[in-house]
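An overview of the molecular structure
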Amino acid sequence: MSLAPRAVLVHRRTEYEELLARHGTHGQAAFFLSSRGRSIDEVARRHDATLGALREVASAVPPTWRSTRVERADLDRFLFAPEDVVVVVGQDGLVANTAKYLSGQPVVGIDTDPGRNPGVLVRHRCADAAGLLRAATAARDGGGGAEELTMAEAVADDTQRLLALNEIYLGPPGHQTARYRLGTGTDPGETQASSGVLVGTGTGATGWLRSLWLERGATGTMPAPRDPRLLWFVREAWPSPATGTSRVSGELGRGQALRLTVESDRLVVFGDGMEADALELTWGQSVRVGIAAASLRLVT
């Protein structure tokens with residue numbers, strides 16, 4: 001007998017909860033904000049709206065289903081199951097934070113603050129949750145109703161692996177300067193010194209990747225979220241007698257990879273801003289970044 005679907009509601013602590021954790025009481029938090037020209041009323045309103053959205057979405061879960069909740073900070077310790085339907089309740093970035101831990105489970109994005117969030121990945125309202133959950137089970141069983149968004153993957157030579165929906169950063173943990181050798185295909189690569197390398201997808205083309213694309217005055221078009229293309233940029237490459245700057249940007253298609261070999265004490269690799277959940281590489285180790293075999297199944 002197969003297990004009933006499980007709705008996994010993903011959320012993150014609100015700004016109000018973070019203020020209480022830091023300052024202890026509502027009054028202390030209000031005083032802190034007022035000293036900086038802000039009112040706690042708006043922060044509390046968004047907190048109440050988020051809690052209300054979580055309650056509304058939870059009430060839409062069919063009574064025959066199982067359900068649970070997971071906070072963003074616990075995603076790296078949470079075990080997603082094949083029968084899960086993942087409901088992200090929050091901002092666009094929370095979908096990206098969740099995607100790297102999934103293996104084909106359908107994702108529903110619920111916007112808790114319409115008009116404040118861009119709504120690129122959290123496209124739906126709480127009132128639509130019941131219908132979206134039904135659509136998600138159909139998508140999980142191969143019935144369509146979901147977009148397959150391209151993801152990036154980094155694989156180190158010691159088998160460490162990392163997925164990302166927006167972008168993967170490779171570089172020094174302090175974003176200062178590190179040395180490495182960078183290449184594609186079978187070429188030996190170029191030794192560089194920079195503050196890191198960014199490899200991004202079409203979903204990430206509205207964020208960090210786009211800022212680099214605009215800064216470089218890049219021509220052509222950026223990939224769309226479903227395109228099997230990645231763009232990569234070297235940040236602040238430093239020319240010297242021992243380091244070059246001839247390979248500072250490029251594009252990767254399916255089956256292609258960017259190869260980085262560490263020539264400093266320590267580099268990190270993390271995806272979608274999740275710096276606390278990074279791969280760590282030391283001198284002589286290498287990592288390859290390319291299009292992942294897995295994709296994010298975003299319910300439409």
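As the structure is a computational prediction, the values presented were derived from the model and not from experiment. (Residues numbered from 1 in each chain as written. Predicted model: local features only at pLDDT ≥ 70, side-chain atom pairs only at ≥ 80, totals over all residues. Heavy atoms only, no water.)

**Some points on the layout of surface pockets**
- In this structure, the largest pocket occupies an estimated 350 Å³ of space.
- Contributing to the lining of the largest pocket are 18 residues, with Thr14, Glu15, Arg46, Thr50 and Gln91 lying nearest its centre.
- Among the elements of the structure, helix 1 (15-23), helix 3 (40-59) and strand 3 (84-90) are those that each provide at least two residues to the lining of the largest pocket.
- Looking at the lining of the largest pocket residue by residue, the classes come out as 4 nonpolar, 7 polar and 7 charged. (1 Å grid on protein atoms, 1.4 Å probe; cavity = no way out; pocket = protein on both sides within 12 Å on 5 of 7 lines; lining within 4 Å. Points joined across faces, edges and corners; volume = space filled by probe spheres on them. Helix = DSSP H or I, 4+ residues; strand = E, 2+ residues; numbered from the N terminus. Nonpolar A, V, L, I, M, F, W, Y, C, P; charged D, E, K, R; others polar.)

**Considerations on the environment of Asp272**
- With respect to the secondary-structure elements, Asp272 resides in the loop between strand 14 (266-271) and strand 15 (279-282).
- Classification of Asp272 as buried rests on a relative accessible area of 8%.
- Between the alpha carbons of Asp272 and Lys100 there is a distance of 8.6 Å; along the sequence they are 172 residues apart.
- Not counting chain neighbours up to four residues away, the residues in contact with Asp272 comprise Ala96, Asn97, Ala164, Leu165, Asn166 and Glu167. (Buried < 20%, exposed > 50% of the residue type's maximum accessible area, 1.4 Å probe, protein only. Contact = heavy atoms within 4.5 Å.)

**So, the packing of aromatic side chains**
- Enumeration according to the criterion identifies 3 aromatic pairs in this entry.
- Judged by centre distance (4.8 Å) and plane angle (70°), the rings of Phe78 and Phe80 are edge-to-face.
- Ring pairs connect the aromatic residues Tyr169, Trp208 and Phe270, which therefore count as one cluster. (Phe/Tyr/Trp six-rings, centres within 6.5 Å; stacked < 30°, edge-to-face > 60°.)

**Section: the pattern of salt bridges**
- On inspection of all chains with the given rule, the structure shows 18 salt bridges.
- Among the salt bridges present, the one from Asp277 reaches Lys100, with a minimum N-O distance of 3.5 Å. Of this pair, Asp277 sits in the loop between strand 14 and strand 15 while Lys100 sits in the loop between helix 4 (92-99) and strand 4 (106-111), and the two are 177 residues apart along the sequence.
- Between Arg181 and Glu263 there is a salt bridge, with its nearest N and O atoms 3.0 Å apart. A residue pair is termed long-range when its members are at least 10 positions apart, and Arg181 in strand 8 (residues 178-184) and Glu263 in the loop between strand 13 (257-262) and strand 14 qualify at 82 residues.
- A residue is classified by how much of its surface remains accessible, and Arg181, at 31% relative accessible area, is partly exposed.
- When salt bridges that share partners are traced, they join Glu15, Arg38, Glu42, Arg45 and Arg46 into one network. (Salt bridge = Lys/Arg side-chain N within 4 Å of Asp/Glu carboxyl O.)

All we've got here are geometric facts, nothing functional implied.
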